[in-house]
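If you want the building blocks of each chain, they are given just below.
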Amino acid sequence: MKADRIADPWGDRTPYGRHGTWPSRVDAYLAEGVEPGAVQRWVAAASLLHSGGDAMDIAVVDGRMAGVRGRATDRVSRGRLGPKDLFGWQANASSDRLTRPLVRRDGHLVETDWDTAMELVAARTRELLDERGPGSIGFYTSGQLFLEEYYTLAVLARAGVGTNHLDGNTRLCTATAAEALKESFGCDGQPGSFDDLDHADVIALFGHNMAETQTVQWTRVLDRLAGGDPPRLLCVDPRPTQVARHATVHLAPRAGTNVALLNALLHETIRHDRVDHDFVEAHTVGFEELSEQVAPCTPQWAAEICDVPVSRIIEAAELVGTADALLSTVLQGVYQAHQATAAAVQVDNLHLIRGMLGRPGAGVLQMNGQPSAENARECGADGDLPGFRNWQNDAHVADLAKVWNVEPARIPHFAPPTHAMQMFRYAEQGSIGMLWISGTNPAVSLPELARIRALLAQDRLFTVVQDLFLTETARLADVVLPAATWGEKTGTITNADRTVHLCEKAVEPPGEARSDLDIFLDFARRMDFRDKDGGPLIGWREPEEAFEAWKRCSAGRPCDYTGLTYERLRAAGGIQWPCTEANPRGTARLYTDGITWAHPDDCESYGKDLETGATVDPVEYRSLNPHGKAVLKAAAYVEPHEMPDERYPFQLSTGRTLYHFHTRTKTGRVPQLDEAAPEVWVEACAADAARLGLGEGDLVKVATPRGALEARLRVTDIRPGLLFVPFHYGYWDTKEGDGPDGGGPGRAANETTITDWDPASKQPLFKTAAAALTLVARADGRYAPAPTTTASAPSDPGSVPVTTGGRQAYATQDSEPGGTP
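Residues numbered from 1 in each chain as written. Predicted model: local features only at pLDDT ≥ 70, side-chain atom pairs only at ≥ 80, totals over all residues. Heavy atoms only, no water.

Quick word on the overall build of the chain
Summing up its helical and strand segments, the chain has 25 helices and 29 strands in all. Its C-alpha atoms give the chain a radius of gyration of 25 Å, within 12% of the compact-globule value 28 Å for 821 residues. Across its three principal directions, the C-alpha atoms of the chain cover 70 × 65 × 60 Å. Buried residues in the chain amount to 67% of all 821 residues. Considering only residue pairs separated by 6 or more positions, the chain has 74% of its internal contacts joining residues 24 or more positions apart. (Helix = DSSP H or I, 4+ residues; strand = E, 2+ residues; numbered from the N terminus. Rg over C-alpha atoms; globule rule 2.2 N^0.38 Å. Buried < 20%, exposed > 50% of the residue type's maximum accessible area, 1.4 Å probe, protein only. Contact = heavy atoms within 4.5 Å.)

Right, here's the structure in full:
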């Protein structure tokens, strides 16, 4: 009997002990009626629906995808695949894929040919460049393209068009990870490795629901918990996640108070002298300032602010302060919350003062949410210069200009690269006249959607959307370009722990759809971008040529790829950068022998003021850190900008669920995943529900000062005073006219969220809104369409049907959450 990977997302246990080797377990799924012997080819790829980078092989039968299997030799997954990996590939064959370009005529999108569509884009670009200059054009991209595509986009945008307006939806999920690493270490680059999960004796997860966002790595943790010498877990999360259920200590702080909690952990670590003074002296600056800042931040002080027991904070501090090998992971519960960068930096500080870096089990994973977010960062497609170069450092700009064979003045560096939230403000105000959106859906994923829809619908804004489907954003575009996706093109993906995988083309894209690389190259040819010698600015035509060009750009930089080739990746599988000819096996951990890229001449960033976001002056940084050590950057707790009041008494948090990715443009078209979580819901705790006279399955309204949505209520063990709504649900699969623009109730979580962002990372704050909860209609026998296998499990396990693959069974009081009776 096949395992039900909807009911049991993490699969069977393969226990192993500390410092052991994670046993392999090969997961596979073939389409109904396809036997293994019928598979004609297996084509190498890696996951596209999360940031784990799990290697897999695509089954091909008669020119079509027919399934996937894990790869036992993969260093990241050892053959395992999560539910989105196993089933998500089916979205490629959806009947509503875009197959021909569309252009807007008389207010309607109509099909056209590629030449007409691309010439329209090029003509509008030329017109704007002539009339208003490069600052009138912006590019907003994804965390799901290939490295080769990001790099090509970065070259054509920065040195071709000459605009400073290039960012990605990585701004929504991974910008704080990058900023925190730059603040602490002077440069981006994940210090730790997934292999550290094998060696840590304490794993601390700060706002990271690993069980749902990185299912395979959570499987790894579960296997260690089932083996000898299991790790102890610290979970900081206001929801009853699977991580929380397995934690030694679980802290559920009030939203927006992460800095207060982390300052208390630092206070206790310093008070008990759990500090590696030799490491601090040799490798850091700022310890005295940090000590002074956290001196008054006692557990009692933090308990009052965070609304958690003092004893739990003391237990958590002892856990992280006495660990032999501490691994910390951080994700959206920190990155999308108030004081995001300040909080993430305090996690770095905890590791720096304890000397917990650069050895097995001791490290930081400032995680990503998307499969190739790391590539967007390193290639310069998300608000940085390629190769982790510093826009304030003229030598770095000159070096990049040499790589591209252009004059340094051609590369805009008069101000910080424009972040996405500012780009959309410029579009709203009219200074950006053309916005090219590739592989993302801001009409569902950005905050305050009424505002986003209104600015995208402006006649004065020329919008190009490059995607697989007619998304909510594409419906508002002037030109829609049909893109090929994973399995239909070749390129590389670098995951959250710097592991590079090669994804090969398995099948042809539908109709006339083209790869993102081919679309960008077509645009560059039509614009006839040239280098300073009159040659083509972009000289490559194929993915492998683009990869070789990127290697030249990365040479000598922290993210050095010069030791990698397509053939080496085919032979060896995933390899972690930096990888050079002298180090062809790659690098498991950074900072094994001190801090490498923080020197004023080398660093990617001189840092920012964590409270105001003001850029640190190069002279100031050189004075603070002349020898290039890690910076222990202190931060005071500041109250969130929007707090509950009588009208809006709750805090609202948005987030992910295990079975969906982003705005469901792929996962919502996959039967197994859609059936597991078919519709939006709202979570509240039992005490809050009872106080308001609400129960499981009631139709409720969640309202904030920006907007509202309606959804069924799931009563869970979430912390009191907090509501949770998954952000995946938009309007592409609803009836025409449904939703706020049609006069109906909202469905998308971002109808309610606030246009506010972290001052340092510029990441939007999706977890700080004040909200009201009211009854719309009684359940009448219905229940919330929320999974029971995850953090949305009901507080009463017998009250709702259990989530299973393709069927539902009613749980009994004796069954485990997510199990069968």
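A few points about the packing of aromatic side chains
Inspection of the entire model under this criterion finds 16 aromatic pairs. Ring centres 5.3 Å apart and planes at 50 degrees place the aromatic pair Phe 547 and Tyr 566 in the tilted group. Residue Phe 547 is located in helix α21 (residues 543–554), and its partner Tyr 566 is located in helix α22 (residues 566–572); the two are separated by 19 residues in the primary sequence. Relative accessible area serves as the criterion here: at 0%, Phe 547 is assigned to the buried category. Residue class for Tyr 566 comes out buried when judged on its relative accessible area of 1%. Between the aromatic rings of Tyr 606 and Tyr 621, the centroid separation amounts to 5.5 Å while the plane-to-plane angle is 50 degrees, which identifies the pairing as tilted. (Phe/Tyr/Trp six-rings, centres within 6.5 Å; stacked < 30°, edge-to-face > 60°.)

Overview of the pairing of strand β13 (residues 326–330)
Buried residues dominate β13, accounting for five of its five residues. Burial along β13 is two-sided: the face carrying Leu 326, Ser 328 and Val 330 and the face carrying Leu 327 and Thr 329 are both buried. Relative to β13, strand β9 (residues 202–206) is paired through five bridges, and the arrangement is parallel. Note that in β13 the partner of Ala 204 across the bridge is Ser 328. Bridge analysis of β13 against strand β14 (residues 363–366) gives four bridges, and the strand direction is parallel. Opposite Thr 329, over in β14, you have Leu 365 as the bridge partner. (Pairing = 2+ DSSP bridges.)

Regarding helix α17 (residues 420–429)
Residues of α17 that are buried: Ala 420, Met 421, Gln 422, Met 423, Phe 424 and Ala 427. Each element contacted by the buried residues of α17 is listed here: β7 (137–141), β8 (166–168), β15 (434–438), α18 (442–445) and α19 (449–456). Once α17 finishes, Gly 430 follows within two positions and takes phi at roughly 100 degrees, a positive value.

Overview of the side chain of Thr 176
You can see Thr 176 is positioned in helix α4 (residues 175–185). Polar contacts involving the side chain of Thr 176 include one to the side chain of Ser 761, which spans 2.8 Å. Separated by 2.9 Å, the side chains of Thr 176 and Gln 763 make a polar contact. Non-local contacts of Thr 176, meaning those with residues more than four positions away in its chain, are made with Tyr 335, Ala 340, Thr 341, Ala 344, Ser 761 and Gln 763. (Polar contact = N/O pair within 3.5 Å; in protein donor to acceptor, adjacent residues only side chain to side chain.)

Some remarks on the state of the cysteines
Evaluation of the coordinates by the stated rule reveals zero disulfides. Its sulfur unpaired, Cys 503 is 14 Å from the next cysteine sulfur, which belongs to Cys 379. Lacking any disulfide linkage, Cys 579 is separated from the closest cysteine sulfur, that of Cys 559, by 13 Å. Residue classification places Cys 579 among the buried positions, given a relative accessible area of 0%. (Disulfide = S-S within 2.5 Å.)

Section: the pattern of salt bridges
Tallied over the full model, the rule gives 56 salt bridges. For Asp 324, the salt bridge identified is with Arg 18, shortest N-O distance 3.0 Å. Within this pair, whereas Asp 324 is found in the loop between α12 (310–321) and β13, its partner Arg 18 is found in the segment before β1 (28–30), the two being separated by 306 residues in sequence. Residue classification places Asp 324 among the partly exposed positions, given a relative accessible area of 45%. Given a relative accessible area of 18%, Arg 18 falls into the buried group. Overlapping salt bridges bring together Asp 115, Glu 119, Arg 126, Arg 514, Asp 522 and Arg 526 as one network. (Salt bridge = Lys/Arg side-chain N within 4 Å of Asp/Glu carboxyl O.)

Quick word on helix α16 (residues 394–404)
Every buried residue of α16 is accounted for by His 396, Val 397, Leu 400, Ala 401 and Trp 404. Down the axis of α16, the sector holding all buried residues measures 140 degrees, keeping them to one side. Relative to its buried face, α16 has exposed residues pointing more than 90 degrees away, namely Asp 394, Ala 395 and Lys 402. Each element contacted by the buried residues of α16 is listed here: α3 (147–161) and α21. Residue Asn 393 occupies the N-cap position of α16, its side-chain oxygen lying 2.9 Å from the main-chain nitrogen of Ala 395. (Arc of directions from axis to C-beta.)

Quick notes on the sheet that holds strand β3 (residues 55–61)
Within a sheet, adjacent strands bond to each other through the backbone by hydrogen bonds, running parallel or antiparallel. Sheet architecture is open: four strands sit in the order β1-β4-β3-β2, paired in antiparallel fashion. Pairing within the sheet leaves two strands with one partner each, and these edge strands are β1 and β2 (41–46). Looking at each pair of strands side by side, their axes are set apart by 30 degrees on average, direction ignored. With six bridges connecting them, β3 and strand β4 (residues 64–70) associate as antiparallel partners. When the bridges of β4 are listed, Asp 57 appears paired with Arg 69. (Axes fitted to C-alpha atoms, helices over the stretch in contact; angles between N-to-C directions.)

Quick look at the sheet that holds strand β18 (residues 491–494)
The sheet built from three strands is open, its strands ordered β18-β19-β20 with antiparallel pairing. The two strands at the open ends of the sheet, each matched to only one other strand, are β18 and β20 (575–576). With two bridges connecting them, strand β19 (residues 499–503) and β20 associate as antiparallel partners. In the sheet register, Val 500 faces β20, and the bridge partner there is Ile 575.

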